Each structure stands twice: as C-alpha cells, then as structure tokens.
Amino acid sequence: MTWNARSLFCKDMGKLRRKIHLIHKLCMNADIFCLQQVRGFWTHVNKHLIKLQETFSIYASFLGGNTGGVLTIVSKKHVPLQSSISPEEIVKGRVLHLKISGDDGYQIIYNVHN
C-alpha cells in the first residue's frame, strides 16, 4: 500500500493527529506501507509513531525540513526479524530501497517520491 501523505509531519496538530490516526487504521490491513512527502525528521517518527513501532518496523529517508521524505513501514508479524531487512537510501529523501530476505527468497521494495 502507498500514500502521498502531503506533509505528514505538518504544524497543524489537528491535521497531524488525523493523519497519524489514518496511518494506524491503514496499517491494520497492510504488511508493507509506503508513504511519500512526509517532510520531517526521525524525531517526528519517534514522537508521533511510537505506538506504531510496537508492531511495525519503520524505515525512513529525509531531506530535512519542509521537503521530500519517505517512510516505509513493515509489519513485524510479516517480518519478525529486523535483521532480515536491509535498507538502502538510493536518493536521500526521495528513494528508499528495502530488501527483505527469508528462507524462501527475498522481496525488494522501492519507495519513491518524485
């Protein structure tokens, strides 16, 4: 699943809360969720998505400030070992590559914000 969050970590706290609530709701039915245009820093992820991190691993690439940014959220139920996931920042804040390895092969995820 993918979503252009249109400035996820915005300054409008009401809008931010609604977006975070929607992310939690959408993640209930997703193993992998890619978000683009999140705009922010890791501190935002750790502050606003802390509860989600109990059941999901979060990978991110940020440009910083008010531009770009991608998040890839992976269910810990789907991939219980974080060591099975190899993230690579291809283009900072624009392209994040994850390789998820398992006993039967691997899966590649590209999260792209143009």
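On a predicted model such as this, the values are computed, not experimentally measured, just so you know. (Residues numbered from 1 in each chain as written. Predicted model: local features only at pLDDT ≥ 70, side-chain atom pairs only at ≥ 80, totals over all residues. Heavy atoms only, no water.)

1. Details of the pairing of strand E6 (residues 95-102)
For a regular strand, the rule is simple: side chains alternate between the two faces of the sheet.
Then, in step 1: Judged from the six bridges that link them, strand E5 (residues 85-91) and E6 form a sheet pairing that is antiparallel. Paired with Glu-89 across the strands is Leu-96, a residue of E6.
Then, in step 2: The hairpin formed by E5 and E6 contains three residues between the paired strands, and Gly-93 there has a positive phi angle of roughly 75 degrees.
Then, in step 3: Here E6 runs beside strand E7 (residues 105-112); their pairing, made up of eight bridges, is antiparallel. Within E7, the position partnered with Lys-99 by the bridge is Ile-108.
Then, in step 4: Linkage of E6 to E7, two consecutive antiparallel strands, is achieved through a turn of two residues. (Pairing = 2+ DSSP bridges. Helix = DSSP H or I, 4+ residues; strand = E, 2+ residues; numbered from the N terminus.)

2. Some thoughts on a nonpolar patch on the surface
Then, in step 1: Taken together, the side chains of Ile-90, Val-91, Tyr-106, Ile-108, Tyr-110 and Val-112 define a hydrophobic patch exposed on the protein surface, amounting to about 590 Å² of accessible area.
Then, in step 2: Top contributing element to the nonpolar patch by residue count: E7, with four residues.
Then, in step 3: Inspection of the secondary structure puts Ile-108 in strand E7.
Then, in step 4: Judged by relative accessible area, which is 37%, Ile-108 ranks as partly exposed. (Patch = residues over 30% accessible without salt bridge, like charges linked within 9 Å, V, L, I, M, F, W, Y side chains within 5 Å. Areas by Shrake-Rupley, 256 points an atom, 1.4 Å probe, with all protein chains shown as cover. Salt bridge = Lys/Arg side-chain N within 4 Å of Asp/Glu carboxyl O. Buried < 20%, exposed > 50% of the residue type's maximum accessible area, 1.4 Å probe, protein only.)

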